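Each chain, written out:
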Amino acid sequence: MTDAQGHVPLTHARWQRVWRRVPILHRILGANALIIVVGAVGGTLIAVRHGAAHPSSPHYTLIAGFLLAGVAASVLANFLVLRAVLRPLQHLQRAVDAVRAGATGVRVQRDGLWDEQLEHLADTFDGMVAALEEQTERLRRLPGQILRAQEEERRRIARELHDEAAQALTSLLVRLRLLEQTDEPAQVRARVRELRALTARALDDVRRIAVELRPSVLDDLGLAAALAAHADALNASGEMRVTVTAGVEGRLPPEVELALYRVAQEALTNARRHGKATVAHVHLRRGPGEVRLEVADDGVGFDPARMGRARGQTTPPAARNGSTGLGLAGMAERIALVGGRLEIRSAPGAGTTVAATVPLPTGAPGARDRG
Ligand SMILES: Nc1ncnc2c1ncn2[C@@H]1O[C@H](COP(=O)(O)OP(=O)(O)O)[C@@H](O)[C@H]1O
Ligand SMILES: [Mg+2]
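Reading the values: rules and limits
- Residues numbered from 1 in each chain as written.
- Chains lettered and ligands numbered in written order.
- Predicted model: local features only at pLDDT ≥ 70, side-chain atom pairs only at ≥ 80, totals over all residues.
- Heavy atoms only, no water.
- Helix = DSSP H or I, 4+ residues; strand = E, 2+ residues; numbered from the N terminus.
- Buried < 20%, exposed > 50% of the residue type's maximum accessible area, 1.4 Å probe, protein only.
- Contact = heavy atoms within 4.5 Å.
- Donors = N, O, S within 2.8 Å, 3.2 Å for Na, K, Ca; no water.
- Pairing = 2+ DSSP bridges.
- Axes fitted to C-alpha atoms, helices over the stretch in contact; angles between N-to-C directions.
- Parallel < 35°, antiparallel > 145°, perpendicular 65-115°, else oblique.
- Left-handed = near helix turned anticlockwise from the far one by under 90°.
- Nonpolar A, V, L, I, M, F, W, Y, C, P; charged D, E, K, R; others polar.
- Salt bridge = Lys/Arg side-chain N within 4 Å of Asp/Glu carboxyl O.
- Core = buried A, V, L, I, M, F, W, Y, C linked by side-chain atoms within 4.5 Å.
- pLDDT = per-residue confidence, 0-100.
- Polar contact = N/O pair within 3.5 Å; in protein donor to acceptor, adjacent residues only side chain to side chain.
- Expected span 1.5 Å × (residues − 1).
- Arc of directions from axis to C-beta.
- Patch = residues over 30% accessible without salt bridge, like charges linked within 9 Å, V, L, I, M, F, W, Y side chains within 5 Å.
- Areas by Shrake-Rupley, 256 points an atom, 1.4 Å probe, with all protein chains shown as cover.

J.: What's the story with the overall build of the chain in this structure? I'm lost.
T.: Broken down by element type, the chain carries nine helices and five strands. Within the span of the chain, comprising 371 residues, buried residues form 32% of the whole. Taking all contacts inside the chain whose residues are at least 6 apart in sequence as the whole, residues at least 24 apart take part in 64%.

J.: Can you walk me through the coordination of the magnesium ion (ligand 2) in this structure?
T.: On the protein side, the magnesium ion (ligand 2) has E266 (OE) and N270 (OD1) as donor atoms, found 2.0 to 2.1 Å from it. A residue pair is termed a helical-turn pair when its members lie 3 or 4 positions apart in one helix, as E266 and N270 do in helix α8 (residues 254-273) at four residues. By relative accessible area, which is 25% here, E266 ends up partly exposed.

J.: Help me out: how do you make sense of the pairing of strand β3 (residues 290-297) in this one?
T.: Every other side chain in a regular strand lies on the same face of the sheet, so the side chains alternate between the two faces. The pairing of strand β2 (residues 279-287) with β3 spans eight bridges and is classified as antiparallel. The residue bridging G287 from the neighbouring strand is E290, located in β3. Pairing between β3 and strand β5 (residues 352-359): eight bridges, direction antiparallel. Among the inter-strand pairings, E294 is bridged to a residue of β5, identified as A355.

J.: For this particular structure, what's the right way to read the packing of helix α2 (residues 24-53) against helix α3 (residues 60-100)?
T.: To describe two helices that pack against each other, one gives the angle between their axes and the distance between the axes. At a closest axis distance of 10 Å, the pairing of α2 and α3 adopts a crossing angle of 160°. Accordingly, the angle class assigned to the pair α2 and α3 is roughly antiparallel. In this structure, α2 crosses over α3, and the sense of that crossing is right-handed. From α2, I24, R27, I28, A31, N32, I35, G39, G42, G43, I46, A47 and H50 reach across to α3, where they touch L62, F66, G70, A73, S74, A77, N78, V81, L82 and V85. Considering only residue class, the contact of α2 with α3 consists of 13 nonpolar, eight polar and one charged.

J.: What should I look at first to understand the pattern of salt bridges in this one?
T.: Close approach of charged atoms lets side chains of opposite charge pair. If you walk through the whole model with that rule in mind, you get 22 salt bridges. Among the salt bridges present, the one from R140 reaches E137, with a minimum N-O distance of 2.8 Å. Taken as a pair, R140 and E137 lie in helix α4 (residues 116-180) at a separation of three residues, close to a single helical turn. Given the relative accessible area of 56%, R140 is considered exposed.

J.: What should I look at first to understand the nonpolar core in this one?
T.: One broad trend across soluble globular proteins is that nonpolar side chains are buried collectively. By size, the foremost hydrophobic cluster in this structure holds 35 residues, and its most contacted members are L223, L227, L260, L268, L284, V291 and L293. Secondary structure elements with two or more residues in this core: α7 (223-237), α8, β2, β3, α9 (326-337) and β5. When residues of this core are assigned to their parent elements, the largest contribution, nine residues, is made by α8. Here L223 is in contact with L218, L252, E257, L260, Y261 and L284, once residues within four sequence places are set aside.

J.: How should the confidence of the model for the chain be read in this particular structure?
T.: The predicted coordinates ought not to be read in detail in places where the model reports low pLDDT. Averaged over all residues, the pLDDT of the chain equals 85, while 89% of them reach at least 70. Between residues 309-322, whose pLDDT stays under 50, and residues either more than four places distant or in other chains, the model counts 21 contacts. Long-range and interchain partners of residues 366-371, a stretch whose pLDDT sits below 50, account for eleven contacts in this model, where long-range means more than four residues apart.

J.: What should I look at first to understand the environment of T199 in this one?
T.: Residue placement: T199 occurs in helix α5 (residues 185-213). Along the chain, T199 and A165 lie 34 residues apart, while their C-alpha atoms are 9.8 Å from each other. Within the local environment of T199, its side chain forms a polar contact with the backbone oxygen of L195, the two atoms lying 2.6 Å apart.

J.: For this particular structure, what's the right way to read the pairing of β5?
T.: Most of β5 sits out of view: seven of its eight residues are buried. Bridging between strand β4 (residues 341-346) and β5 involves six bridges; their strand directions are antiparallel. Residue pairing in the sheet places S346 in a bridge with T352 of β5. Joining the antiparallel neighbours β4 and β5 is a turn of five residues, in which G349 adopts a positive phi near 85°.

J.: I would appreciate a short explanation of the sheet that holds β4 in the present structure.
T.: Strand pairing in a sheet is mediated by backbone hydrogen bonds. Such pairs are either parallel or antiparallel. With respect to topology, five strands assemble into an open sheet ordered β1-β2-β3-β5-β4, the strand pairing being mixed. Looking along the sheet, the strands with just one partner apiece sit at the ends: β1 (241-247) and β4. Strand after strand, the sheet turns through a mean of 10° between neighbouring axes, direction not considered. Against the sheet, α7 contacts β1, β2 and β3, and its axis sits at roughly 170° relative to β1.

J.: Quick question: what am I supposed to make of α7 here?
T.: Each α-helix winds once per 3.6 residues, and so residues spaced three or four apart point in a common direction. Between its first and last C-alpha, α7 extends 21 Å over 15 residues, near the 21 Å set by a 1.5 Å rise per residue. Residues L223, A226, L227, H230, A231 and L234 constitute the buried set of α7. All buried residues of α7 project into a common sector of 135° when viewed along the axis, lining one side. Along α7, exposed side chains directed more than 90 degrees from the buried face belong to D232 and A236. Buried residues belonging to α7 abut α6 (216-221), β1, α8, β2 and β3. Positioned one or two residues after α7, G238 has a phi angle of 80°, which is positive.

J.: I would appreciate a short explanation of a nonpolar patch on the surface in the present structure.
T.: Side chains of V37, V41, L45, I46 and F66 sit close together on the surface and give an oily, nonpolar patch of about 440 Å² of accessible area. Per element, the largest residue contribution to the nonpolar patch is four residues, and it comes from α2. By the secondary structure assignment, V37 is in helix α2. On the accessibility criterion, V37 (48% relative accessible area) is partly exposed.

Dropping the structure here:
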């Protein structure tokens, strides 16, 4: 049933399919049983005939010949079957060695006699190698993504400093020059009042930028308080009504708090800037072993499938109307770094919901199961 290399000829495709379903153990047992059956039946027949033809002979030569032929047949059959069934293991070993040597794109070669169990093992190995390669590729891209996100953040801060704080300081300068030329005491007082109001606004701007950079309330009081403070600041601007419900007592691991805070921040910025939302709701709750943040807005919505990068694709979408698409990708990346997953549900006209779920390490702060 096999050729010299232990291969089943390809013309026997059906036979091969049946054969693959027979486990290796059964193949070896079957081969040995066959040898014993052939030996016993054949031996008995020959012994009976020989005994009838030569009733007085002790049959020693016959017994010795039979013993030798039996042992030879058994060794040969076991050798052929074992060599054929061990070939897939050699392929597996070669694949393992190749992976260890750092080769990429390694898959287990599938010729030789496979059975279902071995095939399952090879599939699992191939799957693990593929997952490992994907992970390696993600890690390789990560520094670039981090740098890009960092530069984007710097550009945003520079823009805000320039547009808001620097503008306010420029008009302060202009008004100070005017003040210099004023002699009338009543006019001086009016200009000083103006200056004070302008200075207060500039101070507000600088404080807001500082809070956006790193809200101290996040370090001091935790995620729920930081979300509430951020919502208050957005509500004060009056453009959008933000509500927060937080069912999380105590603190979460700092990296989880920061990642979720940044997701909420970006989702709310998007809701206001792109969605033109009037209402947004932030919902934070802890389930068994995980924490979940949802930010839902009633804005114009969009098609998340077109924002490929947030879903882990590498090619950036064409930058449209100044949109970088880094916000969604950044959220996904941040959540992936703390082992969680990000979902974006949206459709044109149907609002947007951004949901981040992050597992909590057992034994970490906030990881206690509160039922
Ligand atoms: N809440 C939202 N409502 C409507 N559109 C959104 C929302 N969030 C994201 N988008 C769309 O996804 C695009 C990418 O968003 P994002 O990755 O945050 O980049 P950016 O904010 O820099 O434009 C936006 O330009 C917008 O078209
Ligand atoms: Mg954005």
